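# Observations on chain architecture
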Amino acid sequence: ELNSVIEGLLLISGLTNKTSQIKARPFRLDELLWEVLEKLHFKYPEAEVETIIEVEDSEILQLHSYPELIATAITNIIDNALKFTDDQKVTLKIAMTEQQQVALYVQDHGPGIPVQEQEKVFDLFYRGSNTQYLKPGHGIGLSLTKHIASFCHIDLSIASVALQGTEVKLVFPTA
């Protein structure tokens, strides 16, 4: 666990100081998502992840960015959704925004995040008041995700309703 914490902190440091050695390259968002889900299946074998792709032109799913970093961010978001949802049912959707940008939505049906804490969840080492003692964690994953989103020019937002769940949205820049 300590190794994981240190690796996360080092990655945040590299992204903050723009010293990351990772190179941008083309990749398909849907294929990256399948890879992430395959890895998470081992951690959550009972999970039910509904995946909806509402983009008709598959060429639109071709992005140019940092797939390794984006995979880490998506993994962190889906991992949290599964970890904090008792029934482990999560919905993923790839769709176009009104501005014709590709977006990934991750929606769970967990306890939600209190309104006053929704921006704090991206702070380093922050753990939500309604979940901090329920599940293991260190409060690094969403902070790292925010740093990755910033580094990759991805718009990251969160919306949550108490006792109904949380939706995280990643909007990718157009090529």
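Coordinates for the structure precede this section.
No experiment lies behind these values; they were computed from the predicted model shown.

Below, the discussion takes up the nonpolar core. Of all hydrophobic cores here, the largest spans 42 residues; its most connected members are Ile74, Ile78 and Phe172. Of all the elements in the fold, those that place two or more residues in this core are helix H2 (29–43), helix H3 (67–83), strand E4 (89–96), strand E5 (102–108), helix H4 (141–151), strand E6 (155–161) and strand E7 (165–171). For this core, the element with the most residues is H3, which contributes nine residues. Every residue in contact with Ile78, bar those within four places of it in the chain, is listed here: Leu33, Val36, Leu37, Leu40, Leu92 and Val106.

What follows deals with the pattern of salt bridges. Under the criterion given, the structure shown has four salt bridges. When the shortest N-O distance is used, the salt bridge between Arg25 and Glu68 registers 3.1 Å. Taken together, the positions of Arg25 in strand E1 (residues 25–28) and Glu68 in helix H3 put the pair 43 residues apart, joining distant regions of the chain. A residue is classified by how much of its surface remains accessible, and Glu68, at 38% relative accessible area, is partly exposed. Of the charged contacts in the structure, one is a salt bridge between Asp30 and Arg28, with a shortest N-O distance of 2.6 Å. Residue Asp30 is classed as buried on the basis of its relative accessible area of 9%. Among the charged side chains, a network of salt bridges with common partners joins Arg28, Asp30 and Glu31.

Moving on to the packing of H3 against H4. Following both chains from N to C, one finds H3 and H4 inclined at 145°, their axes separated by 9 Å at the closest point. Of the two possible hands of crossing, H3 and H4 adopt the one that is left-handed. Note on element contacts: H4 touches H3 through Gly141, Leu142, Leu144, Thr145, Ile148 and Phe151, opposite Leu69, Ile70, Thr72, Ala73, Asn76, Ile77 and Asn80.

On to the sheet that holds E4. In space, the five strands of this open sheet follow the order E2-E4-E5-E7-E6, with mixed pairing throughout. Here the strands that pair on one side only, and so sit at the sheet edges, are strand E2 (48–53) and E6. Taken pair by pair, the neighbouring strands of this sheet meet at an average axis angle of 15°, ignoring direction. Direction of pairing for E5 relative to E7: antiparallel, over a ladder of five bridges.

Below, the discussion takes up the side chain of Asp79. With respect to the element layout, Asp79 can be found in helix H3. Beyond its immediate chain neighbours, meaning those up to four positions away, Asp79 contacts Leu40, Lys43 and Tyr44.

What follows is about H4. Turning to H4, its buried residues are Leu142, Ser143, Leu144, Thr145, Ile148, Ala149 and Phe151. Downstream of H4 by one or two residues, His153 has phi in the positive range, about 60°.

Reading the values: the criteria
- Residues numbered from 1 in each chain as written.
- Predicted model: local features only at pLDDT ≥ 70, side-chain atom pairs only at ≥ 80, totals over all residues.
- Heavy atoms only, no water.
- Core = buried A, V, L, I, M, F, W, Y, C linked by side-chain atoms within 4.5 Å.
- Buried < 20%, exposed > 50% of the residue type's maximum accessible area, 1.4 Å probe, protein only.
- Helix = DSSP H or I, 4+ residues; strand = E, 2+ residues; numbered from the N terminus.
- Contact = heavy atoms within 4.5 Å.
- Salt bridge = Lys/Arg side-chain N within 4 Å of Asp/Glu carboxyl O.
- Axes fitted to C-alpha atoms, helices over the stretch in contact; angles between N-to-C directions.
- Left-handed = near helix turned anticlockwise from the far one by under 90°.
- Pairing = 2+ DSSP bridges.

Function cannot be read off these values alone, since they describe shape.
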